[in-house]
Each structure stands twice: as structure tokens, then as C-alpha cells.
Amino acid sequence: MAASLDISFLTVQVLSALRQAAFLFLISSGLTLVFGVLNILNFAHGSLYMLGAYFIYYLATQVAGVGGFLAVLVAAPLGVALVGAVIETGLLRRIYRQEEIYQLLLTYALVLVIDDVAKIVFGPEFKSIPKPDVLSGSFTVFGGTVPVYTILVLLFAPAVAMGLWYVLYRTKTGKIIRATSSDREMADALGINMAALFTLVFAFGAVLAGFGGALAGPVRTVFPGVGHEVIIESFVVVVIGGLGNLWGALVGSLLIGFLETIGIILVPEFEMSLIYLLMVVVLIVRPWGLFGRPLKIRALSEKNFAMESQEISTVHFSVRPLFRLLPFALLILVPLFAGRFYQYLTTQIMVAALMAIAFNLLLGTTGLLSFGQAAFFGVGAYTVALLCTKGGFGPVPALLLSPFFAAAVAAVVGFFCVRLSGVHFAMLTLAFGQLVFTIVFKWYGFTGGDNGIQGIPVRPIAVPGVGAVDIGSTQAMFWFVLVVFALSVEVVRRIRSSPYGSTLRAIRENPQRAEYLGINVKLYQWSAFVVVGAITGLAGGLYALMEKSITPDIIHWTKSAEPVLMTIIGGIYTFVGPAVGAFVYIVLNSYLVAWTEKWALVLGIVLLTLVLCLPGGVVGFVNEKARGAFEKMRVIRRWAFSKSGA
């Protein structure tokens, strides 16, 4: 406390907070500008920030002196703008008419591609960017030592803010951008060249991200993947300030900058949690942010949903049980022919498939896109790990309790989340997920912190009439997971085929109409959220028993992205699509890692191809082709592939 009253200490901390806020503003202003005009939450914005840092790293080694450094500080963002223009014209322009989730998936795929390309070009090592001697020094302010470079950052950031304000509010181009942000259809009707405008805005957003990276690079370490944490902080800023609002980005950056500094001083153990707690509070109290305005939320049925016609009715699975039992019958045979590696790989696929199938009950059936499912997966995994290591429980009692704990957490989170819709719902689930992650990451006394929990004991299971059955081996764990997986999938199938599932689909199609018909929409959505949370927790419990060790990484937002990827890869509107997507994703990951160090690049290209060429997913594509073939042959049309075949 005595230190906090020291004027020199306060001076250093305030300037440090302002510098952090300046970096966040430069990055988040580009992100919010792109969202405001293009209506895209660009996951690749953090990668563009990384490119800005790498470009100045390369250019700074080619020049000397302050003049040269300032010149490359301008040149690096222009290089990033060129990359942004290529991305917009070559990729994003092709999917503007699709759902937002495909745009998110495409930008996530770009993250994988750009990160690995940067690793190939610049190397995997951490880079330190040299500064001119005159910018490397420091001076004293009120007794505190302040780096010269901090002052440079604090001069540049306000200058960029003023320049942005002038462009947007005092130029014709700025008026067009603001008009397009307010009403895109009207701007299009007035004859504005939307294609050129979108390219200009995306490239300008890339410039801001690149400038943020170029400016932050000399005071931070640069490495492949450095944009992952930056993009999440930027999301926090734009959500708190208001999506698409420039002044909101400025105020949000200042809030986060000072909150991080205060957190480091007062509660260093949980300083990471504070910003997500603030994000949760703002989204609950004012979902559109401090300076934003309510977004027009469209029902799923209003969007581009040619893929919906590809849906295979779940009724078909009930009238033809052979089709749903055959995969499990084949899985039973796997240990008879496959070695330990393939048994382990198949077990991994079953756990991932269970998480993805449950997730699609929320997305494909109910129409809710959650970015926080890893939190429930982690709660289930940590429940099993803690009960087995500290509570002395056996694997079965611990596993049976895991969905209940996950459901309890999902009930609390869902209570707040289902009050929101669209991107606000997704952002609130992301905030809750990251809040759980930061708590687990720092709670060393209970969760083991970043070390996680190692050596989870898997004791033999007592089976009446058989005795103790050891499931510690790879083969025994395979059988155990297969039984739990089969029962859980059957439960999900019955939920989806029931009148309750039909009501969820009605809500997905048009929530306003469903509410008019007397359906308690929020209650149904909340109950679906809790059910999905419980099954996801069960998958997490299986994961803990299978791996026998867990770390907080399983709760990170990147883990939440996995069921989204699997669902899109397999097919969002099909029951088996997420399972097929899990198979493709896990196999690709496993073999690509073994085959090439550039596995992220290959995986990203595969995802890009799927988004651009197979918008209905693998199952949707197969279904479409097979349906056409069977219709041509006029055989098994009614029960196999026709949506109205029930």
C-alpha cells in the first residue's frame, strides 16, 4: 500500500497503463471498424497484428537511425494492408451471403495459415526487434523512470485516433463508411460500390492492426501465435465499448489498460480474470456495449440456408435402427484388428464426437452459437480429476457426477446467456468460458494452476457377477468409452427426435413466431443449454479418465473452437455430421502432426476449402450427391435421404 501512494510509482504505473491502452486501441479500432461495415468478427485480426510485428522486424534490420526506424514503422502496416486486401478480395468476398459462423470459421482458418506461413518465413524462434539508441533510453518523471519509447507510443496513438476521427467525420469517404455501417442495404441502393468499399475498409482495418503490431513489437517478444491472446483482448475491448463504435474502442482500451495494471498491483493471482469479469458484467447489463446500439438480430431462417434442405430427418434413424447400430457394431470390432495407437485414436474421436454432437444440439437444433463449451468440458474433466485424486472416488462415481457439476455451471451461465441473441450470446459465452479458464489457470491450491492435475488414478470397476474390471489399459478404456459414448449418443438422438427437439427447431427457425404460439422460448433455450453443458461435462470426464492428466489448456477458447470446427466440417444440419467432423478433425490433426511440422498450414487450407467449396459440410455434400443419384434411380428415396420421408 505504501508503494501505491508513492508518486513515482504511480507515474510509472499510469504511463504503463496508457501504453497498454494505446496498443489495444490501435488493434481494436481496426477490428471494430471491420465489424461495423462488413459485419464480420475477424479472428485473423490478431494474425495481421503479428504480421505487422514481423514486417517491422525484417525492415528494421535493413535500416539505421531514427529516420529509418520511423520510415519502416509506416511501411510495415502498408505491407499488412496489402495482405488484408488480398484476403478480402480472394476469400471473404465469396462468403458474405453465408451465415456468420462460416465467416468466423474462414477467419479462424486464416489464423492457422498465417501463423504457419510466418513460422516458415521468419522461423519459429522468438524475435526481439531492435530500436535506435535514442529510443532505447529513459528519463525521469516525478521520480519514476519512464522509457522514451513509451512516450513515442503515447504520441502516436492519439495522433492515429485524431486521424481516424477526421477521416470518418470530415471526409466524404468517411461519411460513406458511416452510412454503410448504419444501413448497408440503403447504401447499396444508392449506388455505392460496395465491393470496393469493403476492400478499402478491410485493408484499412489491417493497417491499424499492422501498425499496432509494428509499434508494440519493439517492446514485446514476437513469435508465431502471438496474435491469439491479442485478438481475445481486442474482442473484450470492442464488446465493452460497443461493436462497430470507434469511441467505444477508445474508452474500452483505456478501461482494460488500467484494469490490467490495477489487477497486477492489487490481485496479481487473478488479474487475468478481472477483464473477463468486466466483459460479463457489461454484456449482462448493456449487451450492445457502453457506446454501441442494439444490433438487428436475424432469425436463422432469414439467412442463407440452402444447406437446411440437406437435413436428414432424425425420424429416419428411428425407423431404420440398422443405420444407427451399425457404426457401434463396427466400433466393437476395432480392438480385434487395430493396435494400441488406433484404439487410443478411436477413443479420442469418440470423446470429441460426443462433445461435438452435444454442441450441435445447441447450434444446429436450437440456433445458439456458443464459444464457451470448453468451460463445461473442463468442469467435467476437473470434477473427475479432483474426485479421483483428492476425494478417493472410483472412476464410475466420479464420471457420473461430472455431468451434474457441469450442468450446475451451465445453469448459471445459461441463465444470463439466453437473455441475449446472435453475436452478443456468442461473446457472453466466450467471456464466461475465459473467466473459468483464468480461475482454473491461477488457482494453484485447488486446480494445480497451469501445471494441471497429473496422475489421475483409474481404479478397477466392480461389476456384479464378474468382479473387478480394470479399465486402466488402452483396450479396456476403449470399451468403457464406447459404452458411455453409445448410450449418450442415443440420449441425444432421442432428445432431438422428441417433441422437445421439434420445439427447439421451431425456436431456431423463428423465435418470434414460437413465442407468439405460447412457447416459453427462453426457458427452452436455457434447458437446452443445461442439457448440452451436462453432456459436454460427461465428455470432459471421459477425457480425464482416458488421458489420466489434465491442464487448463482444455478450457482455453481455442478448445471451444473445436466443436464449432467439427460441426461445420461434418455438416451443421445433420445428426451424424459433427461425429464425421470429429473423425476428420482428429485424424487430420494426428496424421498431419506426424507427417509434417506445417500441420496448421495444411489444416487451415483444408478448412478454407471446406468453407468455400462444401458449405454443407462433408455429410451435407455426400447427402446431396447421394440423394440426387437415388432420385435418379427412383430407389429408397422415401426413407433414406428425403427430409419429408417421415
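Residues numbered from 1 in each chain as written. Predicted model: local features only at pLDDT ≥ 70, side-chain atom pairs only at ≥ 80, totals over all residues. Heavy atoms only, no water.

Asker: Hey, could you run me through unusual backbone geometry in this one?
Answerer: Peptide bonds are, in most cases, trans, and in most cases residues other than glycine have a negative phi. A positive phi is found at Lys-548, a non-glycine position, where the angle reads about 65 degrees. Assignment of secondary structure puts Lys-548 in the loop between helix H24 (521-547) and helix H25 (557-570). (Helix = DSSP H or I, 4+ residues; strand = E, 2+ residues; numbered from the N terminus.)

Asker: In this structure, what is going on with the nonpolar core? I would like to understand it.
Answerer: Across soluble globular proteins, nonpolar side chains have a tendency to be buried as a group. Ranked by size, the top nonpolar core spans 197 residues in total, and within it Leu-38, Phe-480 and Ile-550 carry the most contacts. The element that contributes the greatest number of residues to this core is helix H16 (residues 340-365), accounting for 15 residues. The contact partners of Ile-550, leaving out residues within four places of it in the chain, are Ala-381, Tyr-382, Ala-385, Asn-451, Gly-452, Ile-453, Gln-454, Tyr-543 and Ala-544. (Core = buried A, V, L, I, M, F, W, Y, C linked by side-chain atoms within 4.5 Å. Buried < 20%, exposed > 50% of the residue type's maximum accessible area, 1.4 Å probe, protein only. Contact = heavy atoms within 4.5 Å.)

Asker: In this structure, what is going on with the pattern of salt bridges? I would like to understand it.
Answerer: Oppositely charged side chains are able to pair whenever their charged atoms sit close together. Under the criterion given, the structure shown has seven salt bridges. Where Lys-127 meets Glu-125, a salt bridge forms, and the shortest distance between an N and an O atom there is 3.4 Å. Here Glu-125 falls in the partly exposed class, since its relative accessible area comes to 45%. Linked by salt bridges that have partners in common, Glu-490, Arg-493 and Arg-494 make up one network. (Salt bridge = Lys/Arg side-chain N within 4 Å of Asp/Glu carboxyl O.)

Asker: I keep staring at the packing of H25 against helix H26 (residues 577-595) and nothing clicks. Help me out?
Answerer: When two helices pack together, their arrangement is given by the angle between the helix axes and the distance between those axes. Contact geometry of H25 with H26 gives a least axis separation of 7 Å together with a crossing angle of 110 degrees. Classed by the angle they form, the pair H25 and H26 counts as roughly perpendicular. Note on element contacts: H26 touches H25 through Gly-577, Pro-578, Gly-581, Ala-582, Val-584, Tyr-585 and Ile-586, opposite Glu-562, Leu-565, Met-566, Thr-567, Ile-569 and Gly-570. Class assignment for the residues of the contact of H25 with H26 results in eight nonpolar, four polar and one charged. (Axes fitted to C-alpha atoms, helices over the stretch in contact; angles between N-to-C directions. Parallel < 35°, antiparallel > 145°, perpendicular 65-115°, else oblique. Nonpolar A, V, L, I, M, F, W, Y, C, P; charged D, E, K, R; others polar.)

Asker: Looking at this structure, I do not really get the environment of Thr-107. What am I missing?
Answerer: Structurally, the position occupied by Thr-107 is in helix H4 (residues 100-122). Put simply, Thr-107 and Lys-390 are 283 residues apart on the chain and 42 Å apart in space, counted from C-alpha to C-alpha. In contact with Thr-107, other than residues within four places in its own chain, are Ile-40, Leu-41, Asn-42, Phe-43, Ala-44 and Leu-92.

So, to be careful, I would describe these as geometric facts and stop short of saying anything about function.
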